[in-house]
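Residue-level structural notes
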Amino acid sequence: QVQLVESGGGLVQAGGSLRLSCAASGTNTRIYAMGWYRQAPGKERELVAAITNGGTTNYADFVKGRFTISRDNAKNTVNLQMNSLKPEDTGVYYCNADVRRTAYSRRYDFWGQGTQVTVSS
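To start, this report covers the structure provided alongside it. (Residues numbered from 1 in each chain as written. Predicted model: local features only at pLDDT ≥ 70, side-chain atom pairs only at ≥ 80, totals over all residues. Heavy atoms only, no water.)

**Notes on unusual backbone geometry**
The condition that has to hold: Every helix listed is a DSSP run of H or I at least four residues long, and every strand listed is a run of E at least two residues long, numbered separately from the N terminus. Burial status follows relative accessibility: with a 1.4 Å probe on protein chains alone, a residue under 20% of its type maximum counts as buried, one over 50% as exposed, and anything between as partly exposed.
Within the chain, Asn-76 stands out as a residue other than glycine whose phi angle is a positive 55°. Its location among the elements puts Asn-76 in the loop between β7 (67-72) and β8 (77-82). The partly exposed category is assigned to Asn-76, whose relative accessible area is 25%. The residue Ser-84 is not glycine, and still its phi comes out positive at about 50°. Looking at where Ser-84 falls in the secondary structure, it is placed in the loop between β8 and β9 (91-99). With a relative accessible area of 41%, Ser-84 lands in the partly exposed category.

Set out below in structure tokens:
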């Protein structure tokens with residue numbers, strides 16, 4: 001099992017910045033990748049950014065050039081630096097842990113409780 005605790009959400013004006021952090025805890029668990037997803041009202045949850053334990057990153061097109069994901073493997077933490085925020089970035093942001101034995105093994109997902117990000121125009 002993996003427990004994820006998020007922090008850093010809040011209210012910001014358009015053009016501003018926020019930094020989200022997530023700490024993972026659990027024993028005998030191999031976390032292959034960590035990432036952030038978001039869900040806006042009435043919409044499905046979508047990938048924002050993810051990073052593997054080897055440092056490979058994956059960004060949604062709508063955040064490229066504005067958001068940066070980083071990870072500390074030793075501490076099992078992942079951060080999301082969000083710059084140039086837009087009102088359409090508003091939503092609940094969820095930390096995700098992608099757990100698998102190898103890169104080609106079955107994936108097990110664990111989720112944080114979510115943190116609200118609101119961007120005012």
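**Side note on the state of the cysteines**
Test applied: The criterion for a disulfide is a pair of cysteine sulfur atoms lying within 2.5 Å.
Applying the stated criterion across every chain yields a total of 1 disulfide. What pairs with Cys-22 in a disulfide is Cys-95, and their sulfur atoms sit 2.1 Å apart. Residues Cys-22 and Cys-95 are joined by a disulfide whose S-S torsion is about -85°; by sign, that bridge is left-handed. Taken together, the positions of Cys-22 in strand β3 (residues 18-25) and Cys-95 in strand β9 put the pair 73 residues apart, joining distant regions of the chain. Cys-95 carries the same exposure label as Cys-22, and that label is buried.

**Description of the pairing of strand β5 (residues 46-52)**
Basically, it comes down to this: Should DSSP find at least two bridges between two strands, the strands are taken to pair.
The element β5 is largely enclosed, with a buried count of 5 among its 7 residues. Relative to β5, strand β4 (residues 31-39) is paired through 6 bridges, and the arrangement is antiparallel. Looking at the pairing, Gly-35 lines up with Ala-50 of β5. With 3 bridges joining them, β5 and strand β6 (residues 57-59) adopt antiparallel strand pairing. Pairing of Ala-50 across the sheet is with Asn-58, part of β6. In textbook terms, the turn of a hairpin is the stretch between consecutive antiparallel strands, and for β5 and β6 this stretch comprises 4 residues, one of which, Gly-55, has a positive phi near 95°.

Structural measurements only, silent on function.
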